[in-house]
Amino acid sequence: MDAPYIGRLLNILDYALSSLRRKLLKNFGVFTVFSVVIFLFSSFQLTSRALTEIARQTLTTAPDITVQQMSAGRQSSIPLAAKEQLAAIFGIKKIDARIWGYYFDESNGANYTVIGMDTMPDHAPGSPWPGLSEGRLPTAGETGKAVISAEMRRQLQLGERKFFSLFRPDLSLASFETVGIFSKDSDLVTADLILMTMGDARNLFAIPDGLATDLLVQVGNPLEIDTITGKIRDKLAGVRVITRAQIQKTYEVVFSWRSGLGTICLLTALVSFVILAWDKASGLSQSELREVGILKILGWQTGDIMLLRFFESATVALFAFLTGWLLAWVHVGYFAGALFRPIFLGWSVLRPDLAMVPPLVFSDVLLVFSISVLPYLCATAVPAWRAAVVRADSVL
Amino acid sequence: MLVLAEIFKVYNQGEANEVIALRGVSLSITRGEMVCIQGPSGSGKTTLLSIIGCILPPTRGRATIGGKKITRLPDHFLTDYRRQLIGFVFQDFNMLDHLSVLDNVTLPLMPLGISPKVRAKRGDALLERLAISHRRDFPLRQLSGGELQRAAIARALINDPPIIIADEPTAHLDSKLSGEVMDILANLKNEGRTLVVASHDPIVAGHGGIDRTVLVRDGNIVPSQGSVVK
Amino acid sequence: MLLNSWAIALLVSAAAAFFLLGGAIRTAIRVLFSWAPEQDTAVQIALENETWLAALLVRYGMVLQLASLLLLVLAADSFSHILIGAMCATGAFVANDYGMPALIFKLFGVFFYGFWLVLHRLDIRSEFLPLTRIKFAYLLLLGPLLCADITLLVLYLINLKPDIITSCCGVVFAAGGAEDGNLLGPLPTPFVMLLFYSTAAALVLLALFLQRSNRTADPMGGMPVANFFFGTICLFFFILSLVVITVVISPYIYALPSHRCPFDFLRVEYYCVGYPIYLTLMLATFAGISCAATSFLQKLPGLAIPVCRFRQNCLRVFLLLLPVFLALVSWFPINYVVKGGE
Ligand SMILES: Nc1ncnc2c1ncn2[C@@H]1O[C@H](COP(=O)(O)OP(=O)(O)OP(=O)(O)O)[C@@H](O)[C@H]1O
Ligand SMILES: [Mg+2]
């Protein structure tokens with residue numbers, strides 16, 4: 001009863017491994033199904049983690065504070081005069097006006113985001129921008145110049161051509177020349193984006209002079225953002241002030257919500273798998289009964305057999321976990337989560353070819369582990385016990 | 001070494017298929033004795049051996065094995081005594097086909113936490129003694145019946161138990177091999193071990209090593225012929 | 001926020017724990033009704049087998065409880081990225097009324113499962129199984145505990161809304177000063193630290209004393225008063241340690257005077273130092289309380305030697321882990337003082 005603890009564990013583990021090797025074919029089915037389930041789970045988790053990371057990186061170039069006019073609880077245009085009012089606030093480095101909106105392309109059913117700006121955040125007009133893979137940004141005063149993504153060029157079926165046209169509200173055509181292409185790194189937010197000058201956007205959406213959609217505020221010291229937010233609220237009546245951190249949180253909420261929904265769907269798969277595993281483990285074959293009977297009559301305790309069974313299930317589960325996790329890693333890192341992208345980026349017809357590098361986070365591993373391996377091991381408890389209480393005298 | 005008093009064993013007590021297998025068996029065996037238990041089929045020989053071998057708890061009665069009280073004892077205590085006191089030789093060998101001879105022989109040592117090296121050493125020594133060390137790493141199905149039973153005896157001895165119990169050890173062997181196996185068992189007696197052998201094979205009962213024959217019928221020891229001292 | 005992956009993981013473990021404990025409680029009820037160790041009936045044999053199942057289920061339940069405690073903390077850490085105003089896990093826990101109670105139930109749940117396993121371990125050491133009825137009666141109490149645990153968890157998750165504005169650790173665990181609702185109350189920090197270290201010293205002395213008397217005194221004796229004190233002080237020290245770690249020690253770990261979070265130092269940025277700190281504290285407390293609580297079992301038939309041996313092991317573990325814990329915890333402030341407080 002007081003056997004050396006480690007020695008006993010090692011011996012029983014040894015026996016469990018050799019008996020797994022013997023029953024390789026029988027365990028292969030469980031291993032495969034389990035690997036697939038874990039692959040799906042971890043792909044979900046890794047995709048959402050990678051997307052959050054991309055959003056975080058992309059948002060670092062976003063303005064510190066966005067100011068929008070609210071009217072009757074909805075967003076409305078903000079008068080450019082507000083710019084002068086804010087300029088007086090100490091700590092604000094720069095204020096830019098922006099026009100943005102959605103453009104629905106009837107020919108392919110896609111929704112594009114149009115942003116019109118005269119100066120890009122943090123960059124002098126005309127200078128090369130890190131967000132572009134080629135070309136330049138339109139400069140203030142230019143007309144008919146736009147920057148779009150490579151994905152959008154495909155969507156618009158531009159081929160080698162540089163010019164494309166969009167409809168104004170009165171159905172007359174506005175023509176644009178592409179002067180630059182967004183880089184792939186920011187595809188998450190720029191895939192469906194058309195960037196142009198304020199004047200062009202005003203023209204395209206037929207917005208009167210003196211109005212803009214929102215004001216972008218750059219702050220000198222990031223620690224002052226909250227204070228300045230408060231001051232802006234005091235100065236301007238009925239505005240909504242959004243900080244970069246809040247936008248970031250919104251992204252995380254969306255992604256974690258979506259990955260949760262996916263997890264629920266996959267849970268169904270796990271439950272059915274657990275039932276299958278239970279079924280397989282609970283039926284004791286004649287030869288298994290005999291084996292346990294012999295072990296018990298030779299002095300193996302009930303606890304020894306339960307430990308043996310636990311090692312068997314745990315080994316299968318661990319190997320399946322490692323396999324599933326590695327496959328998911330490859331899937332997300334090298335194939336950009338091809339299977340799940342439609343779910344995560346599903347709001348747009350555009351499907352950017354994002355390059356995702358999921359960071360290795362311990363809590364992700366634990367999360368997937370506790371959703372998959374722990375329930376599985378719990379499900380094996382009863383079959384393990386059932387095998388362990390086979391009576392020693394059954395082989396006499 | 002071994003004292004049974006008024007032992008009853010009832011299988012499936014409280015159920016419809018209740019069987020009274022032993023009805024008040026009293027038996028005492030001294031250290032170093034070799035006892036043969038005989039009786040017709042279904043008379044309760046295996047049940048009696050299971051109780052002596054700490055496999056089954058008796059339903060009623062008093063019993064001590066090797067100085068340890070075994071009545072009213074939880075199962076894991078019985079198993080613990082079995083590990084220390086008892087070596088078993090079975091009718092059907094009860095070896096695991098997928099293990100080698102050595103692994104089969106050292107199987108009882110695994111849950112004791114004994115390292116593979118020590119296990120192999122002790123196993124090798126026993127295989128040597130029983131003259132089957134040339135079959136050490138053979139898979140079981142390549143062994144002959146005699147070799148199998150020798151391996152089974154080696155396994156029974158791996159704990160160095162003071163008591164060896166054999167239930168029909170010669171059932172699957174021809175008469176020459178039966179004699180050999182009985183010689184081996186009788187040799188163990190000379191080391192000071194106590195042996196209890198159940199069989200209806202006359203070769204067993206007639207073997208020179210047997211000190212005493214106990215006749216069991218209908219779950220009890222027949223007093224007139226029981227305890228015949230040779 | 002039931003649709004978040006973390007919430008789902010927590011709910012899955014809760015469901016698993018529910019089924020495990022449900023199975024164990026089924027056995028417990030059957031044992032309490034028809035346990036008859038002196039009989040050799042089919043029913044009794046089945047029951048004896050079932051007690052092994054119950055023990056296995058509770059053991060798995062304990063692992064699950066530990067895992068879900070860890071999950072809950074990590075989940076709160078992840079929620080803090082989503083909740084406005086929360087910079088660390090503390091903010092996520094105080095985002096509604098159920099967070100902290102859920103955490104506390106989970107934490108103490110681990111201990112209660114552990115005690116059952118101690119009872120079981122001692123029980124099977126005696127051939128009379130003298131604790132079987134007691135341990136299964138105790139198992140019945142784990143049922144309501146788990147139900148409360150799950151209810152709190154579900155309430156916490158349901159009421160957790162991304163748009164709720166919560167506060168952060170600097171506010172929640174502000175030390176000293178006059179703000180009401182802080183953890184230390186009106187007590188000054190030096191006094192609390194003095195109390196902390198003197199309690200630890202008292203515990204070590206008591207443990208050494210018990211170790212001696214346990215070795216020399218006759219195993220049937222026991223020392224009810226000393227043991228009672230030891231157990232109570234252990235529990236007190238555990239709670240005091242949690243407070244001290246949060247309010248006094250953690251700012252030194254972060255090197256930020258206003259950052260008082262008992263969870264952040266589990267993160268990789270702080271070399272996961274939280275895991276050894278909490279593990280040693282929990283194990284030492286568990287060993288101490290187990291040692292004290294089992295002293296009353298020594299008189300039961302067949303348990304004198306197993307209990308004596310078990311308590312000796314407990315005291316050994318306690319005397320090993322408590323200094324480790326103290327060293328870990330003291331290292332940060334000492335390092336700060338030695339380096340001249342930069
Ligand atoms: N596990 C069991 N459950 C119920 N009844 C049993 C069990 N084992 C044995 N019996 C019954 O107990 C009686 C004694 O059986 P036992 O196996 O001891 O006889 P035996 O003398 O060894 O017979 P044999 O010579 O055929 O091996 C028989 O009537 C048998 O049917
Ligand atoms: Mg028989």
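These numbers were taken from a predicted model, which means no experiment stands behind them.

With respect to the overall build of chain B
Turning to step 1, where the next piece is worked out: A count of helices and strands for chain B gives 7 helices and 11 strands.
Turning to step 2, where the next piece is worked out: What you see for chain B is a C-alpha radius of gyration of 17 Å, in line with the 17 Å of a compact globule of 230 residues.
Turning to step 3, where the next piece is worked out: Each principal axis of the C-alpha atoms in chain B carries an extent, and together these give about 45 × 40 × 35 Å.
Turning to step 4, where the next piece is worked out: The buried share of chain B, taken over its 230 residues, is 60%.
Turning to step 5, where the next piece is worked out: Taking as baseline every contact in chain B between residues at least 6 positions apart, the subset at least 24 positions apart corresponds to 69%.
Turning to step 6, where the next piece is worked out: In the structure as shown, chain B presents an accessible area of about 9,000 Å², 50% of it carried by carbon and sulfur atoms.
Turning to step 7, where the next piece is worked out: Between the mean site of the 27 positive side-chain charges and the mean site of the 23 negative ones, chain B shows a separation of 6 Å.

Side note on helix H13 (residues 381-388) of chain A
Turning to step 1, where the next piece is worked out: Taking burial as the measure, the 8 residues of H13 of chain A include 7 buried ones, the bulk of the element.
Turning to step 2, where the next piece is worked out: Where H13 of chain A is concerned, the buried positions are Ala381, Val382, Pro383, Ala384, Trp385, Ala387 and Ala388 of chain A.

Here's the deal with the environment of leucine 315 of chain C
Residues and elements named next belong to chain C.
Turning to step 1, where the next piece is worked out: Here leucine 315 shows up in helix H10 (residues 304-338).
Turning to step 2, where the next piece is worked out: In this structure leucine 315 comes out as buried when scored by relative accessible area, which is 0%.
Turning to step 3, where the next piece is worked out: Separated by 54 residues in sequence, leucine 315 and cysteine 261 have C-alpha atoms that sit 31 Å apart.
Turning to step 4, where the next piece is worked out: Leaving out residues up to four positions away in the same chain, leucine 315 has contacts with Ala207, Leu210, Gln211, Phe230 and Cys291.

Quick word on the packing of aromatic side chains
Turning to step 1, where the next piece is worked out: According to the stated counting rule, one finds 29 aromatic pairs over all chains in the structure shown.
Turning to step 2, where the next piece is worked out: With a centroid separation of 6.0 Å and 65 degrees between ring planes, the pair formed by tryptophan 116 of chain C and phenylalanine 136 of chain C is classed as edge-to-face. Taken together, the residues tryptophan 116 of chain C in helix H4 (residues 99-123) and phenylalanine 136 of chain C in helix H5 (residues 132-158) connect sequence positions 20 residues apart.
Turning to step 3, where the next piece is worked out: What links up through ring pairs into an aromatic cluster is the set Phe108, Phe111, Phe112, Phe115, Phe238 and Phe286 of chain C.
Turning to step 4, where the next piece is worked out: A cation sits over an aromatic face here: arginine 60 of chain B above phenylalanine 8 of chain B, 4.3 Å from the ring centre.

Section: the site of ligand 1
Residues and elements named next belong to chain B.
Turning to step 1, where the next piece is worked out: Taken together, 14 residues lie around ligand 1, and Ser41, Gly42, Lys45, Thr46 and Thr47 are the ones closest in.
Turning to step 2, where the next piece is worked out: Residue glycine 42 places a main-chain N or O atom 2.8 Å away from an oxygen atom belonging to ligand 1.
Turning to step 3, where the next piece is worked out: Serine 43 is positioned such that a nitrogen or oxygen atom in its backbone is 3.3 Å from an oxygen atom of ligand 1.
Turning to step 4, where the next piece is worked out: When ligand 1 is considered free in solution it has 620 Å² of accessible area, and contact with the protein chains removes 64% of it.
Turning to step 5, where the next piece is worked out: Elements with a contribution of two residues or more to the shell around ligand 1: strand E2 (19-29) and helix H1 (45-52).
Turning to step 6, where the next piece is worked out: A per-element tally of the shell around ligand 1 places H1 first, with 3 residues.
Turning to step 7, where the next piece is worked out: Class assignment of the residues belonging to the shell around ligand 1 gives a composition of 4 nonpolar, 8 polar and 2 charged.

A word on a nonpolar patch on the surface
Residues and elements named next belong to chain A.
Turning to step 1, where the next piece is worked out: Taken together, the side chains of Tyr5, Ile6 and Leu10 make up a nonpolar region of the molecular surface, amounting to roughly 370 Å² of accessible area.
Turning to step 2, where the next piece is worked out: Along the polypeptide, tyrosine 5 turns up in helix H1 (residues 5-22).
Turning to step 3, where the next piece is worked out: Take tyrosine 5: its relative accessible area is 57%, and that puts it in the exposed class.

Let's talk about the side chain of aspartate 77 of chain C
Turning to step 1, where the next piece is worked out: Tracing the backbone through its elements, the reader meets aspartate 77 of chain C in helix H2 (residues 42-82).
Turning to step 2, where the next piece is worked out: Ignoring any residue separated from it by four or fewer positions in sequence, one finds aspartate 77 of chain C in contact with Ala89, Asp264 and Arg267 of chain C.

Considerations on the interface of chain A and chain B
Turning to step 1, where the next piece is worked out: Between chain A and chain B, the residue contacts involve 25 residues of the former and 31 residues of the latter.
Turning to step 2, where the next piece is worked out: Interface of chain A and chain B: buried area, both sides summed, is about 2,500 Å²; carbon and sulfur atoms make up 59% of it.
Turning to step 3, where the next piece is worked out: The interface formed by chain A and chain B includes 1 salt bridge.
Turning to step 4, where the next piece is worked out: The shortest N-O distance in the salt bridge between aspartate 304 of chain A and arginine 83 of chain B comes to 2.9 Å.
Turning to step 5, where the next piece is worked out: Here chain A is connected to chain B by 12 residue pairs in polar contact (both at pLDDT 80 or more).
Turning to step 6, where the next piece is worked out: Elements represented by at least two residues in the side of chain A that touches chain B include exactly H1 and helix H9 (286-297) of chain A.

Brief notes about empty space enclosed by the protein
Turning to step 1, where the next piece is worked out: Under the criterion given, the structure shown has 7 cavities of 30 Å³ or more.
Turning to step 2, where the next piece is worked out: As a volume, the second largest cavity reaches approximately 100 Å³.
Turning to step 3, where the next piece is worked out: Taken together, 13 residues line the second largest cavity, and the ones lying closest to its centre are Ile297 and Leu298 of chain A together with Ile86, Gly87 and Phe88 of chain B.
Turning to step 4, where the next piece is worked out: Listed by contribution, the elements that provide at least two residues to the lining of the second largest cavity are helix H2 (75-85), strand E6 (86-89) and helix H5 (145-157) of chain B.
Turning to step 5, where the next piece is worked out: No other element matches E6 of chain B, which puts 3 residues into the lining of the second largest cavity.
Turning to step 6, where the next piece is worked out: For the lining of the second largest cavity, the class distribution of residues is 7 nonpolar, 3 polar and 3 charged.

Topic: unusual backbone geometry
Residue and element names in this part refer to chain A.
Turning to step 1, where the next piece is worked out: In this model, leucine 171 sits at a positive phi of 70 degrees, which is unusual for a non-glycine residue.
Turning to step 2, where the next piece is worked out: Classification of leucine 171 as exposed rests on a relative accessible area of 63%.
Turning to step 3, where the next piece is worked out: One non-glycine residue, alanine 206, lies in the positive phi region at around 55 degrees.
Turning to step 4, where the next piece is worked out: With respect to the helices and strands, alanine 206 occurs in the loop between helix H6 (198-205) and strand E11 (211-212).
Turning to step 5, where the next piece is worked out: Among the residues examined, alanine 206 registers a relative accessible area of 55% and is labelled exposed.

Focus on the domain arrangement of chain C
All names here are of chain C.
Turning to step 1, where the next piece is worked out: Partitioning chain C into domains gives domain 1 (1-167) and domain 2 (169-342).
Turning to step 2, where the next piece is worked out: Taken residue by residue, the interface counts 30 residues in domain 1 and 29 residues in domain 2.
Turning to step 3, where the next piece is worked out: Between domain 1 and domain 2, roughly 2,300 Å² of surface is buried when both sides are summed, and carbon and sulfur atoms account for 83% of that area.
Turning to step 4, where the next piece is worked out: Looking only at domain 1, the three residues that lose the most surface to domain 2 are Thr90, Phe111 and Leu122, adding up to 23% of its buried area.
Turning to step 5, where the next piece is worked out: Note that aspartate 77 is salt-bridged to arginine 267, the shortest N-O span being 2.6 Å.

Notes on the packing of H2 of chain C against H5 of chain C
Residue and element names in this part refer to chain C.
Turning to step 1, where the next piece is worked out: Viewed as axis vectors pointing N to C, H2 and H5 meet at an angle of 25 degrees, and their least axial separation amounts to 13 Å. By the angle between their directions, the pair H2 and H5 is classed as roughly parallel. Relative to H5, H2 is oriented so that their crossing is left-handed. In contact with Thr51, Ala54, Val58, Gln65, Leu72 and Phe79 of H2, H5 contributes Phe136, Leu139, Leu146, Asp149, Leu153, Tyr156 and Leu157.

Some thoughts on the sheet that holds strand E1 (residues 2-11) of chain B
Two pairing modes exist for strands in a sheet, parallel and antiparallel, and in both the strands are linked by backbone hydrogen bonds.
Turning to step 1, where the next piece is worked out: One open sheet holds the 4 strands; their spatial order is E2-E1-E4-E5 (chain B), and the pairing between them is antiparallel. The open sheet has two edge strands, E2 and strand E5 (68-69) of chain B, and neither has a second partner.

A short note on the environment of asparagine 214 of chain C
Turning to step 1, where the next piece is worked out: Within the fold, asparagine 214 of chain C resides in helix H7 (residues 189-216).
Turning to step 2, where the next piece is worked out: The residues touching asparagine 214 of chain C, leaving out its near neighbours within four places in the chain, are Gln298, Cys308, Arg311 and Gln312 of chain C.

As for the packing of helix H8 (residues 224-254) of chain C against helix H9 (residues 274-294) of chain C
Residue and element names in this part refer to chain C.
Turning to step 1, where the next piece is worked out: At a closest axis distance of 8 Å, the pairing of H8 and H9 adopts a crossing angle of 170 degrees. With respect to H9, the element H8 is oriented roughly antiparallel. Residue-level contacts link Asn227, Phe230, Gly231, Cys234, Leu235, Phe237, Phe238, Ser241, Leu242, Ile245 and Ile253 of H8 to Ile277, Tyr278, Leu281, Met282, Thr285, Gly288, Ile289, Cys291 and Ala292 of H9.
Turning to step 2, where the next piece is worked out: A per-class count over the contact of H8 with H9 returns 15 nonpolar, 5 polar and no charged.

Concerning the pattern of salt bridges
Oppositely charged side chains can form a pair if their charged atoms are brought close together.
Turning to step 1, where the next piece is worked out: Tallied over the full model, the rule gives 30 salt bridges over all chains.
Turning to step 2, where the next piece is worked out: Between lysine 69 of chain B and glutamate 127 of chain C there is a salt bridge; the shortest N-O distance is 3.6 Å. Pair noted here: lysine 69 of chain B is in strand E5 and glutamate 127 of chain C is in the loop between H4 and H5, and the two residues belong to different chains.
Turning to step 3, where the next piece is worked out: Here arginine 83 of chain B and aspartate 80 of chain B are joined by a salt bridge, their closest N and O atoms 3.9 Å apart. On the criterion of helical spacing, the pair formed by arginine 83 of chain B and aspartate 80 of chain B is a turn pair, its members being 3 residues apart in helix H2. Considered together, arginine 83 of chain B and aspartate 80 of chain B belong to a single accessibility category, that of buried residues.
Turning to step 4, where the next piece is worked out: Taken together, the shared-partner salt bridges in this structure form one network comprising Arg8 and Asp304 of chain A together with Asp80 and Arg83 of chain B.

Focus on the interface of chain C and chain A
Turning to step 1, where the next piece is worked out: On the side of chain A, 32 residues touch chain C, which itself brings 34 residues to the contact.
Turning to step 2, where the next piece is worked out: Roughly 2,900 Å² is buried in total at the junction of chain C and chain A, and carbon and sulfur atoms are behind 73% of that figure.
Turning to step 3, where the next piece is worked out: The largest per-residue losses of area from chain C upon contact with chain A belong to Leu3, Ser5 and Tyr60 of chain C, which jointly make up 21% of the total buried on that side.
Turning to step 4, where the next piece is worked out: If you look at where chain C meets chain A, you find 0 salt bridges.
Turning to step 5, where the next piece is worked out: Viewed at the interface, chain A and chain C are joined by 2 residue pairs in polar contact (both at pLDDT 80 or more).
Turning to step 6, where the next piece is worked out: Looking at the side of chain C that touches chain A, the elements with two or more residues in it are helix H1 (5-34) and H2 of chain C.
Turning to step 7, where the next piece is worked out: For the side of chain C that touches chain A, the leading source of residues is H2 of chain C, giving 16 residues.
Turning to step 8, where the next piece is worked out: Of the residues belonging to the side of chain C that touches chain A, the class tally is 25 nonpolar, 6 polar and 3 charged.

About the cut-offs
- Residues numbered from 1 in each chain as written.
- Chains lettered and ligands numbered in written order.
- Predicted model: local features only at pLDDT ≥ 70, side-chain atom pairs only at ≥ 80, totals over all residues.
- Heavy atoms only, no water.
- Helix = DSSP H or I, 4+ residues; strand = E, 2+ residues; numbered from the N terminus.
- Rg over C-alpha atoms; globule rule 2.2 N^0.38 Å.
- Buried < 20%, exposed > 50% of the residue type's maximum accessible area, 1.4 Å probe, protein only.
- Contact = heavy atoms within 4.5 Å.
- Areas by Shrake-Rupley, 256 points an atom, 1.4 Å probe, with all protein chains shown as cover.
- Lys, Arg positive; Asp, Glu negative; His and termini not counted.
- Charge placed at Lys NZ, Arg CZ, Asp CG, Glu CD.
- Phe/Tyr/Trp six-rings, centres within 6.5 Å; stacked < 30°, edge-to-face > 60°.
- Lys NZ or Arg CZ within 6 Å of the ring centre and 35° of its normal.
- Near = heavy atom within 4 Å.
- Polar contact = N/O pair within 3.5 Å; in protein donor to acceptor, adjacent residues only side chain to side chain.
- Nonpolar A, V, L, I, M, F, W, Y, C, P; charged D, E, K, R; others polar.
- Patch = residues over 30% accessible without salt bridge, like charges linked within 9 Å, V, L, I, M, F, W, Y side chains within 5 Å.
- Salt bridge = Lys/Arg side-chain N within 4 Å of Asp/Glu carboxyl O.
- Buried area = accessible area lost by both parts, 1.4 Å probe.
- 1 Å grid on protein atoms, 1.4 Å probe; cavity = no way out; pocket = protein on both sides within 12 Å on 5 of 7 lines; lining within 4 Å.
- Points joined across faces, edges and corners; volume = space filled by probe spheres on them.
- Domains from an automatic or database assignment.
- Axes fitted to C-alpha atoms, helices over the stretch in contact; angles between N-to-C directions.
- Parallel < 35°, antiparallel > 145°, perpendicular 65-115°, else oblique.
- Left-handed = near helix turned anticlockwise from the far one by under 90°.
- Pairing = 2+ DSSP bridges.

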